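In case you want the letters, here they are:
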Amino acid sequence: MVAGLKRIGILTGGGDCPGLNAVIRGVAKAAMSGGLEVVGIEDGYLGLIENRMRDLTRLDVSGILTRGGTILGSCNKANPAKYSLPDGAGGWTVRDVRDQVVRNYALAGLDAVVVIGGDGTMSGAAELAARGLNIVGVPKTIDNDLCSTEITFGHDTAVATAADALDKVHTTASSHHRVMVVELMGRYAGWLALHAGVATGADVILIPEIPFHVDKVADYCVKRSRGGRGFTIISVGEGAAPAGHDRFVDRVIDNSPDPIRLGGVGKFVAENVEKLTGLDSRVSVLGHIQRGGTPTAHDRLLATRFAYHAYELLTAGRFGRLVVQRDGKIDSVPLDQVANKVRTVPLDYPLIAAARAFGTCFGE
Ligand code: F6P
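Residues numbered from 1 in each chain as written. Predicted model: local features only at pLDDT ≥ 70, side-chain atom pairs only at ≥ 80, totals over all residues. Heavy atoms only, no water.

**Student:** In this structure, what is going on with the sheet that holds strand S10 (residues 232-237)? I would like to understand it.
**Tutor:** Backbone hydrogen bonds are what pair the strands of a sheet, in a parallel or an antiparallel way. On the basis of which strands lie adjacent, the open sheet formed by four strands has the order S9-S10-S8-S13 and parallel pairing. Here the strands that pair on one side only, and so sit at the sheet edges, are strand S9 (204-206) and strand S13 (281-285). Direction aside, the axes of adjacent strands within the sheet are offset by 15° on average. One ladder, built from five bridges, connects strand S8 (residues 179-184) with S13; its direction is parallel. Residue pairing in the sheet places Met180 in a bridge with Arg282 of S13. Where helix H5 (residues 155-176) meets the sheet, it contacts S8, S10 and S13, and its direction lies at approximately 165° from that of S8. Helix H7 (residues 214-226) rests against S8, S9 and S10 of the sheet, and its axis sits at about 155° to S10. (Pairing = 2+ DSSP bridges. Helix = DSSP H or I, 4+ residues; strand = E, 2+ residues; numbered from the N terminus. Axes fitted to C-alpha atoms, helices over the stretch in contact; angles between N-to-C directions. Contact = heavy atoms within 4.5 Å.)

**Student:** Sorry if this is basic, but what is going on with the site of the ligand here?
**Tutor:** The immediate surroundings of the ligand are formed by Asn76, Asp143, Met185, Gly186, Arg187, Glu238, Arg261, His288 and Arg291. A distance of 2.7 Å is found between an oxygen atom of the ligand and a side-chain nitrogen or oxygen belonging to Arg291. Within the complex, 83% of the 400 Å² of free accessible area of the ligand lies under protein. Per-class residue counts for the shell around the ligand are one nonpolar, three polar and five charged. (Near = heavy atom within 4 Å. Polar contact = N/O pair within 3.5 Å; in protein donor to acceptor, adjacent residues only side chain to side chain. Areas by Shrake-Rupley, 256 points an atom, 1.4 Å probe, with all protein chains shown as cover. Nonpolar A, V, L, I, M, F, W, Y, C, P; charged D, E, K, R; others polar.)

**Student:** Explain the pattern of salt bridges here, please?
**Tutor:** Pairs can form between side chains of opposite charge once their charged atoms are near each other. Scanning the model with the defined rule gives 21 salt bridges in all. Two residues, Asp99 and Arg131, come together in a salt bridge whose shortest N-O distance is 2.7 Å. Of this pair, Asp99 sits in helix H3 (residues 98-107) while Arg131 sits in the loop between helix H4 (119-130) and strand S7 (135-139), placing them 32 residues apart in sequence. Here Asp119 and Arg187 are joined by a salt bridge, their closest N and O atoms 3.2 Å apart. Placement of Asp119 in helix H4 and of Arg187 in the loop between S8 and helix H6 (191-200) is noted, with a sequence separation of 68 residues between them. (Salt bridge = Lys/Arg side-chain N within 4 Å of Asp/Glu carboxyl O.)

**Student:** How do you make sense of the domain arrangement of the protein chain when you look at a structure like this?
**Tutor:** By a widely used convention, the size of an interface equals the accessible area lost when the partners come together. Here the protein chain is partitioned into domain 1 (7-153 + 295-337) and domain 2 (157-291). Placing a centre on the C-alpha atoms of domain 1 and another on those of domain 2 gives a separation of 32 Å. Counting residues at the interface gives 17 residues for domain 1 and 17 residues for domain 2. The junction of domain 1 with domain 2 conceals about 1,500 Å² of combined surface from both sides, 52% of it contributed by carbon and sulfur atoms. Taken together, domain 1 and domain 2 are joined by four salt bridges. Counting across the domain 1 and domain 2 interface gives seven residue pairs in polar contact (both at pLDDT 80 or more). (Domains from an automatic or database assignment. Buried area = accessible area lost by both parts, 1.4 Å probe.)

Written out as structure tokens, the structure is:
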């Protein structure tokens with residue numbers, strides 16, 4: 001054990017995802033067994049900014065392995081370098097509160113913090129590490145879009161949920177001979193729409209990495225219909241866009257460091273396919289259902305392996321690092337290597353070639 005390590009904090013930042021509690025449990029139980037005190041920091045970086053922390057006991061972290069969400073709460077608006085506060089005139093003012101975070105970390109007697117989050121949270125972690133905080137990062141996100149790791153926990157559960165939805169729309173699609181579009185999350189990366197689409201044999205898969213032509217999608221639906229298959233299932237990632245068209249933005253959240261929320265591409269596809277083909281078309285937007293529920297066994301195992309490696313990094317004094325999986329092995333990389341980068345689906349990803357070979361349409 002590295003000298004001076006007595007008391008560690010844990011926080012979960014960004015959007016919640018299945019498996020966060022499994023990591024909290026893994027880190028906390030290993031740390032407690034190793035004689036460390038464990039502090040739960042509430043609502044991501046907000047807890048460090050506003051000094052909201054509580055000591056955790058074994059009882060607190062018992063029975064949470066299978067629970068979705070996070071017992072600590074999370075926040076995707078609190079970036080210490082650009083913290084939004086009401087300006088008193090109905091707007092927002094942005095302040096750098098990193099010094100306040102450093103002070104609260106010291107006040108709480110923390111020797112290190114395990115930060116569990118996605119790219120935004122890791123960018124914040126890298127900046128705090130540069131100010132002297134001892135940080136170990138653990139990658140989460142249903143989007144699977146974090147650089148340097150080939151998988152994030154939460155993704156497998158979201159794929160299972162999305163696949164269940166795609167399976168279920170088959171019923172109405174075949175009963176009513178319809179085109180059924182399911183819009184899935186994933187932001188600027190298409191992992192979720194691709195994995196769920198291939199897992200359910202979706203006929204059309206539209207992802208941000210491959211700009212699509214809606215007339216090609218329409219032609220494909222007509223061909224299926226004429227060929228005797230009276231319906232078409234379309235899996236579309238929220239970040240997908242027609243060639244030459246911007247992504248569909250649903251809303252802009254003023255006081256968020258990452259203000260764009262995507263949405264609308266599913267409606268665009270359904271409306272245009274119906275207009276071009278006359279085929280009855282409907283859209284379902286799955287939304288936050290993909291972030292909920294109990295983690296799959298795969299995500300519990302991955303979260304647990306990540307948690308244990310985070311503990312190993314802490315006790316070895318290897319701070320400023322993010323736990324990752326590479327070539328199937330758990331490893332770590334410097335935190336600043338992943339900040340502000342998005343890992344999109346490579347165009348030579350074998351599953352795309354496989355899906356094309358099976359006749360799946362990518363709208364090209
Ligand atoms: O990054 C996770 C994610 O669920 C994205 O897939 C989605 O675009 C976004 O977060 C939604 O954010 P919010 O919870 O703020 O609506």
